[in-house]
Amino acid sequence: MINKAATFKRTGPRITLFRWTAWFTAANAVVLMLISVQYLKLMPPPDSALATASLGISYLGHFFSLAFYLFPASALMIALYPRRWAVSGLSAALQLALVLGVVIDTLVFTQYRFHLNGMVLNLLASGAAGEVLPMTGKLWLLLALAVLVGTLAEYAIAWVCWRWVEKRRRSVGGGVALAVTLLVLSTHAVYAWADANYVTSVTSQARYLPAFQPLTAKRLLARLGLAGKREEGGLAIPGPHSGLHYPLEQLSFREPPQRLNLLVIAIDSWRFDNLTAEETPNIWRLSQKAWRFENHLSSGNATRFGIFGLFYGLYGTYWHAVLAEERSPVLMRELLRRDYRMGIYASAPLVSPEFDRTVFADIRGKIDLRTGGDSPAAKDRAITDKMLKFIDAQSARAPFFGFMFYDAPHTQGHPPGVAPFQPELKEVNYLKLNNEYDPRPFYNRYRNSVYYVDTLVGEVLVALEKKGLMEQTVVVITGDHGEEFNDLKLNYWGHGGNFSRYQTQTPMVILWPGKGAHVYSHATTHLDLVPTLMKELLGCRNEPGAFSNGRSLLDTGARPFTVISSWDTFSVNEPDRITVTHPAGDIEVLDAAYRPIRGAAPRPGIAVDAMRGMGKFFAR
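Now for a description of the structure that goes with this document. (Residues numbered from 1 in each chain as written. Predicted model: local features only at pLDDT ≥ 70, side-chain atom pairs only at ≥ 80, totals over all residues. Heavy atoms only, no water.)

**As for a nonpolar patch on the surface**
On the surface, Leu50, Trp193, Leu220, Leu224 and Leu226 cluster together into a nonpolar patch covering about 460 Å² of accessible area. As for its placement among the helices and strands, Leu226 is situated in the loop between α12 (218-223) and β1 (261-267). Judged by its relative accessible area of 44%, Leu226 is partly exposed. (Patch = residues over 30% accessible without salt bridge, like charges linked within 9 Å, V, L, I, M, F, W, Y side chains within 5 Å. Areas by Shrake-Rupley, 256 points an atom, 1.4 Å probe, with all protein chains shown as cover. Salt bridge = Lys/Arg side-chain N within 4 Å of Asp/Glu carboxyl O. Helix = DSSP H or I, 4+ residues; strand = E, 2+ residues; numbered from the N terminus. Buried < 20%, exposed > 50% of the residue type's maximum accessible area, 1.4 Å probe, protein only.)

**A look at the sheet that holds strand β6 (residues 473-479)**
As summarised here, the arrangement of the seven strands in space is β4-β5-β1-β6-β9-β2-β10, forming an open sheet in which the pairing is mixed. Two strands close off the open sheet at either side, each with one partner strand: β4 (341-346) and β10 (518-520). Averaged over neighbouring strand pairs, the angle between their axes works out to 10° when direction is ignored. Pairing of strand β2 (residues 291-293) with strand β9 (residues 508-511), which is carried by three bridges, proceeds in the antiparallel orientation. Counterpart to Trp291 in the pairing with β9 is Ile510. Helix-sheet contacts for helix α14 (residues 303-312) involve β1, β5 (400-406), β6 and β9, and the interaxial angle to β5 is about 160°. Each of β1, β4 and β5 is contacted by helix α17 (residues 376-392), which is oriented at about 170° to β5, the strand it contacts most. (Pairing = 2+ DSSP bridges. Axes fitted to C-alpha atoms, helices over the stretch in contact; angles between N-to-C directions. Contact = heavy atoms within 4.5 Å.)

**Some remarks on empty space enclosed by the protein**
With a probe scaled to a water molecule rolled over the atoms, the places where space remains empty come into view. Under the defined criterion, the tally for this structure stands at three cavities of 30 Å³ or more. In this structure, the largest cavity spans a volume of roughly 60 Å³. Around the largest cavity, the lining residues are Ser54, Leu55, Ser58, Tyr191, Val202, Gln205, Ala206, Leu209 and Phe212. Looking at the lining of the largest cavity, the element that brings in the most residues is helix α4 (residues 49-68), giving three residues. Residues belonging to the lining of the largest cavity are distributed by class as follows: six nonpolar, three polar and no charged. (1 Å grid on protein atoms, 1.4 Å probe; cavity = no way out; pocket = protein on both sides within 12 Å on 5 of 7 lines; lining within 4 Å. Points joined across faces, edges and corners; volume = space filled by probe spheres on them. Nonpolar A, V, L, I, M, F, W, Y, C, P; charged D, E, K, R; others polar.)

**Some details on the environment of Arg541**
Relative to the elements of secondary structure, Arg541 occurs in the loop between α21 (529-536) and β12 (562-565). Along the primary structure Arg541 and Leu251 are separated by 290 residues, whereas in three dimensions their C-alpha atoms are 7.3 Å apart.

Structural data, given as structure tokens:
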């Protein structure tokens, strides 16, 4: 006679194993919620019933999602090896690892106000844990106790869940599964609605939950008539739900001797070695009587993070928090406070990336968010015409701020007849690009687009001269990032693919009335522009560290490192190495040629300073 109980102990019906795994996972979701109360203590209290309800839904839904991320691994074990001890052991080990990871994340988040990333994990794994956390004997004891208690708790939960499943209460499980599914869907639906309707009291909560990646659906909700318009009017005052502490202190100013205009011209994908008399003759002539920074890095290898760093002086890692709260930069707020007239013209839409909700959040309703035209080159022509009209309307009595963002080099576009560099690739087939592909015709196409933009910039400079405003205007010309044409011989093309100089180094030229020409060779970054303008143009008395991760461009002191950001990756660029942190947690330490440095590891001191900078402007 077959002993069914004994057989179940060895194998067990797969449906029973699935039911046990689901209950066990749900129980661990509750454990995660209890541990994660620490995040709530660090979060500003919700300021409305809507924010409170959203937080409740998101908190429950997210931790159920987080726990069930591991469910497929257990399901695979059930499918391939349906043994109770194997399924129980694997599930308990996975959930224990997740629970301990969240425990460590709460400690890191309390210290730095950001969650675990590859750099932190590398330091912890390499024996430099004391660099990340104050590893006192008491903390080591608590962590050891957490491992012991966690292990015992997991097996206790497993036993309780087996007892529950053996009672075969399937009707209860179905109802719970439906409720959890609706809760998870509601989490993302509420966030998507809040994001589309500019409800920052809801969207600002997202960064407090570990590994939370809520969905957004602005276009879909707009088509359904469920997306609202952002309320306009004046400077937005940070609400009590703010998770940012930016700036760190009240800023004070002295009145500058002269109220100068400010014109910032950004050229998409402008390489550091394309500021030449041949490729950019107009900008080159200007640079001969201006400040030229020859060792200048962007704050990102993509537009979003390059422009963000240029206007905020903050690491690109702050982008998501700033966007969630729609917090404008201190530079723009001060220009508006001083009644600068605004002329903001960009070829690419200012809604993607969301500069309308970040850099220009306070004047969104007063500027053109999109520019008409059938090509980037045509749009570049259009924004030039708009700027010429804007300059013609200015007078010496009131200062102005102008921003132009040219886009043609991003797509290597230019009008017919503007092609001095040959041979030129007439059409780009990205499928053919490889390590053996001759980059010269493609590169010439790009150079021709840069040359075309330079002709337009030349018109703007001539307009300033004719209007008599050049001696009253600070002119800044730079790029948002670089552009690569397989320079590393690693089959990288374009930008956003790596953090080498070819994708991150860009020209920086500043013409400052009354100050002579100078060529600077010390290391500078986009993070340094705001501190320079705040002090030299607006008379800010505070140290740059009060509102920026950068310092003055004119500060020639050594910069041990800078942080450069991308979509889900960042690098710490030092003079002799580039340390790249990937989203999966792996880290690469590379030389200037972007080849791995054998045996190299992140320098703990540099890594900790970088992490402190990434958490510096979060509220505590």
